[in-house]
Amino acid sequence: MEGTESGSRASSSAVADWSLVFWTLCSVLLPVLITLWCSFQRSRRQVLIRDIFRKSKHDWHYTDLFGQPSYCCVCAQHILQGAFCNCCGLRVSEGCLKKADQLFLCKEIMMRSSGGAHSSMPHHWIRGNVPLCSCCMICKQQCGTQPKLCDYRCVWCQYTVHDECMVDRLKTEECTFGEFRDLIIPPYYLSTINQMRKDKRTDYEKVVPYCRKHWMPVIILANTRSGNNMGETLLGEFKNLLNPVQVFDLSKIAPAKALQLCTLLPCNAVRVLVCGGDGTVGWVLDAIDEMKIKGQERHIPQVAILPLGTGNDLSNTLGWGAGYAGEVPVEQILRNVMEADGIKLDRWKVQVTNRGYYNLRKPKVFTMNNYFSIGPDALMALNFHAHREKTPSLFSSRIINKAVYFFYGTKDCLVQECKDLNKKVELELDGERIKLPNLEGIIVLNIGYWGGGCRLWEGMGDEPYPLARHDDGLLEVVGVHGSFHCAQIQVKLANPVRLGQAHTVRLILKSSKMPMQVDGEPWAQGPCTVTITHKTHALMLYHSGEQTDDDASSISEPDHVREQTDEDV
């Protein structure tokens, strides 16, 4: 009996052990299996969504959380996540995406040909998800107040109307294109121009709105990789307000190709808004110079700037601010572009010729808009770029970028890698040799701002010196004693060593290798001769709304703010 009992106890103990092992495995494997199944379903769903996005005429984007209360345009249910179209503003749930693609048309870039020229088009109404605080164009009362899919919005003029105020005549009424009619390229215009090109006709002046007096179409060129990575959001907002054909992503299309749209638009009337840093602006201005070479001077646009970079000194000089972080609505940005005044910006040729008896290399040639420098600030830029190339993901914020610059500036204060520069270089201004004091850096300025917002030439503002201008054909040349001296100048505790103003600057690096930069693009340079001469003018737009007391003295008087003609190019 005792043997039987001990055997049964051993058997029950073994069953208990196996039961424990089984449930332990279940508790471990079940979550893993569920996670794998969810991951598989999610990836499968993403593949299906991407396939719909790829085939669709809408500019769909997926979001995990809408920024305002949203309702599906198909099933009318409240949704927290789903897809939205950047161009027409449709919002749909994931399950209704395919159906929405079949039911709703997106904004038309060109009107469909129906045998004849057009000079108008009807409203394009989308129901629901109207902007907050919008008012009905009929009764002037607020729209979108009910917690459901309600009211209508025209994707072109942005007018809204209540469900009960919507009448048949509104559905066929001519669209005026709203507040930004002077900036929008209408679809019927492009369809007419396309037909004229097929007929080999170029008399675009007779086409509406080409013949309209105040039409100044704008082209948006956005660099989605600049500074704080706001370019992607801005692209969508501009596509919503304008014709999507006017909005270009510079990470997908080169400026030279995008600017060919200017050749289909009125001469001397097109405005370009560059969303990016000073490097992006220089890229666009180089593309405009290519247009001049092609004989397209009549179609040269004027350039405005929305600063998304780190320094943004050119933007600051032209009154567009030191940086954009979404604090100004896109609608106000377009108003600023409409109201901006045309001015000229000097552009300079920087030629770097290596020295040596057996040097067979071609000279390096750069185009300068902002400044050239040799010394500590170029060293900071060189270290920053080397670090960013190794770990580009870390440099997605303007604050982080400036912190890295500060770190390298502090390091140079201790190391002083550029000391005794005056013994290594010779400087000539308009052919006259300049005797250099003890310096670590030389900076050649074309614009008023330098180093992310510092008015370098003016310094503390306590000494009477000729004012720096960006359209007078003169360069300002200053010296600095080191990184600490640069920091003192930026907080107005010191003045730079002003070396003079000149139309031509020649700098000879006699020995050793030194850091140099042109408009924030740095490199290490051996013995060479640097020659800076005037190249051309660029047609820019100045926004007086951002003007400060410091800016007022360096901007041309009103009689210098004038209409740009072919002679200015």
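To start, this report covers the structure provided alongside it.

Cut-off values and rules
- Residues numbered from 1 in each chain as written.
- Predicted model: local features only at pLDDT ≥ 70, side-chain atom pairs only at ≥ 80, totals over all residues.
- Heavy atoms only, no water.
- Helix = DSSP H or I, 4+ residues; strand = E, 2+ residues; numbered from the N terminus.
- Buried < 20%, exposed > 50% of the residue type's maximum accessible area, 1.4 Å probe, protein only.
- Contact = heavy atoms within 4.5 Å.
- Areas by Shrake-Rupley, 256 points an atom, 1.4 Å probe, with all protein chains shown as cover.
- Core = buried A, V, L, I, M, F, W, Y, C linked by side-chain atoms within 4.5 Å.
- Pairing = 2+ DSSP bridges.
- Axes fitted to C-alpha atoms, helices over the stretch in contact; angles between N-to-C directions.
- Parallel < 35°, antiparallel > 145°, perpendicular 65-115°, else oblique.
- Left-handed = near helix turned anticlockwise from the far one by under 90°.
- Nonpolar A, V, L, I, M, F, W, Y, C, P; charged D, E, K, R; others polar.
- Arc of directions from axis to C-beta.
- Expected span 1.5 Å × (residues − 1).
- Phe/Tyr/Trp six-rings, centres within 6.5 Å; stacked < 30°, edge-to-face > 60°.
- Lys NZ or Arg CZ within 6 Å of the ring centre and 35° of its normal.

Moving on, we come to the overall build of the chain. When its secondary structure is counted, the chain shows 13 helices and 24 strands. Buried residues in the chain amount to 49% of all 569 residues. Long-range pairs, those at least 24 residues apart, make up 69% of the contacts in the chain between residues at least 6 apart in sequence. With an accessible surface of roughly 28600 Å², the chain has 54% of that area assigned to carbon and sulfur atoms.

A few words on the nonpolar core. Side chains of nonpolar character tend, in soluble globular proteins, to be buried together. Ranked by internal contacts, the top residues of the largest apolar core, which has 102 residues, are Tyr 189, Phe 238, Leu 273 and Met 540. Residues in contact with Met 540, not counting those within four places in the same chain, are Val 281, Leu 285, Val 303, Ile 305, Leu 318, Asp 341, Gly 342, Ile 343 and Leu 345. Counting residues in hydrophobic clusters, the runner-up holds 32 residues, among them Trp 348, Leu 379, Leu 439 and Trp 523.

Take the sheet that holds strand 8 (residues 160-161) next. The strand order 6-7-8 describes an open sheet built from three strands, whose pairing is antiparallel. Only two strands of the sheet have a single partner each, and these edge strands are strand 6 (125-127) and strand 8. Where strand 7 (residues 152-154) meets strand 8, two bridges bridge the pair, whose relative direction is antiparallel. Residue pairing across strands places Tyr 152 opposite Val 161, the latter belonging to strand 8.

To continue, consider the environment of Phe 248. With respect to the helices, strands and loops of the structure, Phe 248 is situated in strand 10 (residues 247-249). Here Phe 248 is in contact with Ile 219, Ile 220, Leu 221, Ala 222, Leu 235, Ile 253, Ala 258 and Leu 261, once residues within four sequence places are set aside.

To continue, consider the packing of helix 5 (residues 231-241) against helix 9 (residues 330-339). Packing of helix 5 against helix 9 brings their axes to within 10 Å, and their N-to-C directions diverge by 70 degrees. Considering their axes alone, helix 5 and helix 9 lie roughly perpendicular with respect to each other. For the pair helix 5 and helix 9, the crossing hand works out as right-handed. Of the residues in helix 9, those in contact with Leu 234, Glu 237, Phe 238 and Leu 241 of helix 5 are Val 330, Glu 331, Ile 333 and Leu 334. Taken together, the residues of the contact of helix 5 with helix 9 sort by class into six nonpolar, no polar and two charged.

Buried residues of helix 9: Val 330, Ile 333, Leu 334, Asn 336 and Val 337, and no others. Taken around the axis of helix 9, the buried residues stretch over an arc of 155 degrees, which confines them to a single face. Turning to helix 9, the residues buried within the fold contact strand 9 (218-222), helix 5, strand 11 (271-276), strand 12 (302-307) and strand 24 (528-542).

Next up on the list: helix 4 (residues 187-198). Since the α-helix turns once every 3.6 residues, residues separated by three or four places project in the same direction. Its twelve residues give helix 4 an end-to-end C-alpha distance of 17 Å, which sits within 8% of 16 Å, the value for a rise of 1.5 Å per residue. Restricting attention to buried positions, one finds in helix 4 the residues Pro 187, Tyr 188, Tyr 189, Leu 190, Ser 191, Thr 192, Ile 193 and Met 196. Phi turns positive one or two residues past the end of helix 4, at Lys 200, with a value near 60 degrees.

The tally for this structure, following the rule as stated, stands at four aromatic pairs. For the ring pair Phe 366 and Trp 523, a centre distance of 4.7 Å and an interplane angle of 20 degrees mean the geometry is stacked. Placement of the pair is Phe 366 in strand 14 (residues 364-368) and Trp 523 in strand 23 (residues 521-525), with a sequence separation of 157 residues. Taken together, the aromatic side chains of Trp 156, Phe 177 and Tyr 188 make up a single cluster linked through ring pairs. Seen from the ring of Tyr 449, Arg 455 lies directly overhead, with NZ or CZ sitting 4.8 Å from the centre. We note Arg 498 situated over the ring of Trp 457; from NZ or CZ to the ring centre the distance is 5.9 Å.

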